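Coordinates in review
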Amino acid sequence: FFSTAATDIMAIVSAGAWAELTAQVTALQQEVDTLKTAGNPMTNADLDTLWLMLCAIVVFFMQTGFTMLECGSCRAKNVVNIVFKNSMDACCAALSWWAIGWALAYGGDTVSGGRNVFIGGGEFFLVSSGHFPNTAFAGWFFQWAFAATTATIISGAVAERCAVGGYIIVSIAMTAVIYPVVVHWIWSGAGWLSAFCDTSAFGRVGTNGMIDFAGSGVVHLTGGVGAFVGALIIGPRRGRFGPAEESDEEKQFRENRYRPHNQVLLCTGTLILWLGWYGFNAGSTLMLSGNASLIAAKVCVTTTLAAGCGGITTVLMSRIFMGHFDVNYMMNGILGGLVSVTAPCSVVEPWAAAVIGAIGGVVFYGYARLLLKLKIDDVLCASGVHGACGIWGVIAVGLFCTKENLISAYGVSDPTVYGLFYGGGGEQLGVQLLGVFAIMVWVGLMSALVFGVLKVTGLLRVKAEEEDMGLDRSEHGGVGFQLGSRPGSASILKVGKVQPDMTPDV
């Protein structure tokens, strides 16, 4: 029966039609095999673009974390000013990065021409002599979120006494000129320190260039140096530091008066920042296709370990040296660990990330105590978290970077230069130190110029009576927290000018 049926079917289908059908099936199978092997380029491009946009959104959400952290760390009479400044950072960065920043950082990288080792050129306002490619928009969006983060770092160092107009000028200068130049040096395709530089056309320092995967140096050290210079030039808050002969009781009273007013906001902001760091670090793969997804997953692991070890180390140090488990120090230790691993997160092993984070906690604690000894009033110790720990993160690459991770994350073919502890010699460590020095000199000089001019012109700091009153009232016409009881009952807070040295403040 089956033999007869098959004979009948073959008789119905002509020999030519059968051959054509067989050829089509064979061609379709070959096309499927090709797609399985090579992947669909359009699908990969769409996936990479979506990944970059989502990570940029997560990084931008860090502005919320910075705002909550700073509000909790300062006094209640200045929270509106802090919310305003951090929001202005995002607004100013959007315009300055569009108009100037992108051009100085990456100008000439997406459209040929205008490339040099020091600074980018072309593509101001995202307009170039050629056609600005659609593929560059996701990169612009991602890098804008980084630029806004860099500017916001400075906000915490000069909080509670910086005039709004002066701060806006600082924010624009940082996102339009100071930060973009550092980006061009280290992350562009033409920078003199860039691992992505075409050495045959432009040349770079070192065999691999400077390895800074997600920005311990580019973002955090830049913001940290700006924060230190700002805090130094603007001076401490009124009454923050007393005379040398002050009694221990007076010192403790003064210390309590300037402690963070809301630990809940401080902790919540820190945890939001920790969340955002996954977009910051893992998103710096810039793609998911190929093996990039595996690198991103490993980066999430190293980031987590460094944060945890930084927080634990710092809180233990506070218990040993201060006599209690200090929440403020623990939160900053978490951030210090995160900053420390930002540069090496893709090129180190998990155990090394834990060590790097723990050392980052020690670095932060020591730096924070040193600032108090020197009577430099960096309100959030931003220069410690981002500056000192940023330096350590960049240096850690030269010590812990492995050959295998360098091949995987940067595509270096059979590298001979890598971490000192793995037998890769001292060249990479030397390049990392050179990068730290270059960033500190450039950002330090430019920040000093901006802050110095603002101070001389009287635009940097509010008047003494306005500072005592609180910037919410003096700069914004109202307060963020209505501290007091219901109408008709006795008020728990007398609103008015506060004596800077004697009256408890909020």
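Preceding this paragraph is the structure being described.
As a starting point, this report considers the structure included with it. If you're wondering where the values come from, they're calculated on a predicted model, not measured in any experiment. (Residues numbered from 1 in each chain as written. Predicted model: local features only at pLDDT ≥ 70, side-chain atom pairs only at ≥ 80, totals over all residues. Heavy atoms only, no water.)

1. Observations regarding the overall build of the protein chain
Stated formally: Working definition: helices are DSSP H or I runs of at least four residues, strands are E runs of at least two. Numbering for both runs from the N terminus. Only protein chains enter the area calculation, which uses a 1.4 Å probe; residues under 20% of their type maximum are buried, those over 50% are exposed, and those in between are partly exposed. Residues are treated as being in contact if the distance between any of their heavy atoms lies within 4.5 Å.
Tallying secondary structure elements over the protein chain gives 17 helices and 0 strands in all. Within the protein chain, buried positions represent 51% of all 506 residues. Excluding contacts between residues fewer than 6 apart, the proportion of contacts in the protein chain whose partners are at least 24 apart in sequence is 74%.

2. Observations regarding the nonpolar core
As a rule of thumb, nonpolar side chains are buried together in soluble globular proteins. For clarity, the threshold we go by: Residues grouped as a nonpolar core are buried Ala, Val, Leu, Ile, Met, Phe, Trp, Tyr and Cys residues, joined through side-chain atoms within 4.5 Å.
If you look at the biggest cluster of nonpolar residues, it comprises 121 residues, and the most contacted ones within it are Trp97, Tyr179, Ile186 and Trp187. Contacts of Trp187, omitting those with residues within four sequence positions, involve Tyr106, Gln143, Phe146, Tyr179, Ser194, Phe196, Asp212, Phe213, Ala214, Gly215, Val218 and Val219.

3. What to know about the pattern of salt bridges
Here is the rule: In what follows, salt bridge is the name for a side-chain nitrogen of Lys or Arg lying within 4 Å of a carboxyl oxygen of Asp or Glu.
According to the stated counting rule, one finds 11 salt bridges in the structure shown. In this structure, Glu246 engages Arg254 in a salt bridge whose closest nitrogen and oxygen atoms are separated by 2.6 Å. Residues Glu246 and Arg254 agree in their burial class; the two are buried. With its nearest N and O atoms 3.0 Å apart, the salt bridge here joins Glu467 to Arg461. Given a relative accessible area of 26%, Arg461 falls into the partly exposed group. The network of salt bridges with common partners includes Arg75, Glu160, Arg237, Arg240, Glu255 and Asp377.

4. Quick word on the packing of helix α11 (residues 327–342) against helix α12 (residues 350–374)
Put simply, the rule reads: Axis angles are defined between N-to-C directions and span 0 to 180 degrees, where every axis is a line fitted to C-alpha atoms and, for a helix, only to the segment in contact. Oblique is the label for any angle not under 35 degrees, not over 145, and not in the 65 to 115 range, which are roughly parallel, roughly antiparallel and roughly perpendicular in turn. Each crossing gets its handedness from the near helix: less than a right angle anticlockwise from the far helix is left-handed, clockwise is right-handed. Classification used: nonpolar for Ala, Val, Leu, Ile, Met, Phe, Trp, Tyr, Cys and Pro, charged for Asp, Glu, Lys and Arg, polar for all others including Gly.
Orientation of α11 relative to α12, taken along the N-to-C sense of each, is 125°, at an axis distance of 7 Å. For the element pair α11 / α12, the angle class is oblique. In this structure, α11 meets α12 at a crossing whose hand is right-handed. Here Tyr329, Asn332, Gly333, Gly336, Gly337, Ser340 and Val341 of α11 lie close against α12, whose contacting residues are Ala353, Ile356, Gly357, Gly360, Phe364, Tyr365, Ala368, Arg369 and Leu372. Here the residues of the contact of α11 with α12 sort into 8 nonpolar, 7 polar and 1 charged.

5. With respect to the packing of aromatic side chains
To keep it simple, the criterion reads: Centres within 6.5 Å make a pair out of two Phe, Tyr or Trp rings, where for Trp the six-membered ring is used; the pair is then stacked when the planes are under 30 degrees apart, edge-to-face when over 60, and tilted otherwise. Lysine and arginine charges are scored as sitting over a ring when NZ or CZ, respectively, is within 6 Å of the ring centre and within 35 degrees of the ring normal.
Taken as a whole and assessed by the stated rule, the structure comprises 21 aromatic pairs. With a centroid separation of 5.2 Å and 50° between ring planes, the pair formed by Tyr329 and Tyr365 is classed as tilted. Residue Tyr329 is located in helix α11, and its partner Tyr365 is located in helix α12; the two are separated by 36 residues in the primary sequence. When sorted by exposure, Tyr329 lands in the same class as Tyr365, which is buried. Among the aromatic residues, ring-to-ring pairing joins Phe142, Phe146, Trp187, Trp277 and Phe280 into one connected group. The ring of Tyr167 carries the charged tip of Lys85 above its face, separated from the ring centre by 5.0 Å. We note Arg319 situated over the ring of Phe325; from NZ or CZ to the ring centre the distance is 5.5 Å.

6. Digging into the side chain of Thr314
Stated formally: Here a polar contact is recorded for every N or O atom pair within 3.5 Å, except that within protein the pair must consist of a potential hydrogen donor and a potential acceptor, and residues adjacent in sequence are included only if both atoms are side-chain atoms.
Within the secondary structure layout, Thr314 lies in helix α10 (residues 292–322). By relative accessible area, which is 0% here, Thr314 ends up buried. At a separation of 2.8 Å, a polar atom in the side chain of Thr314 contacts the main-chain carbonyl oxygen of Gly310. Excluding anything up to four places from it in sequence, Thr314 contacts Tyr329, Met330, Gly333, Gly361, Phe364 and Tyr365.

7. Let's talk about the state of the cysteines
Inclusion rule: Cysteine sulfur pairs qualify as disulfides if the two atoms are within 2.5 Å.
This model, assessed by the stated rule, comprises 0 disulfides. Cys55 forms no disulfide, and the closest cysteine sulfur to it belongs to Cys300, at a distance of 8.4 Å. Since its relative accessible area comes to 5%, Cys55 is described here as buried.

8. Quick look at the environment of Phe142
On the secondary structure map, Phe142 appears in helix α5 (residues 136–157). Sequence separation between Phe142 and Val59 is 83 residues, and the spatial gap between their C-alpha atoms is 8.1 Å. Setting aside residues no more than four positions away along its own chain, Phe142 makes contact with Leu52, Cys55, Ala56, Val59, Gly279, Phe280, Gly283, Ser284 and Leu286.

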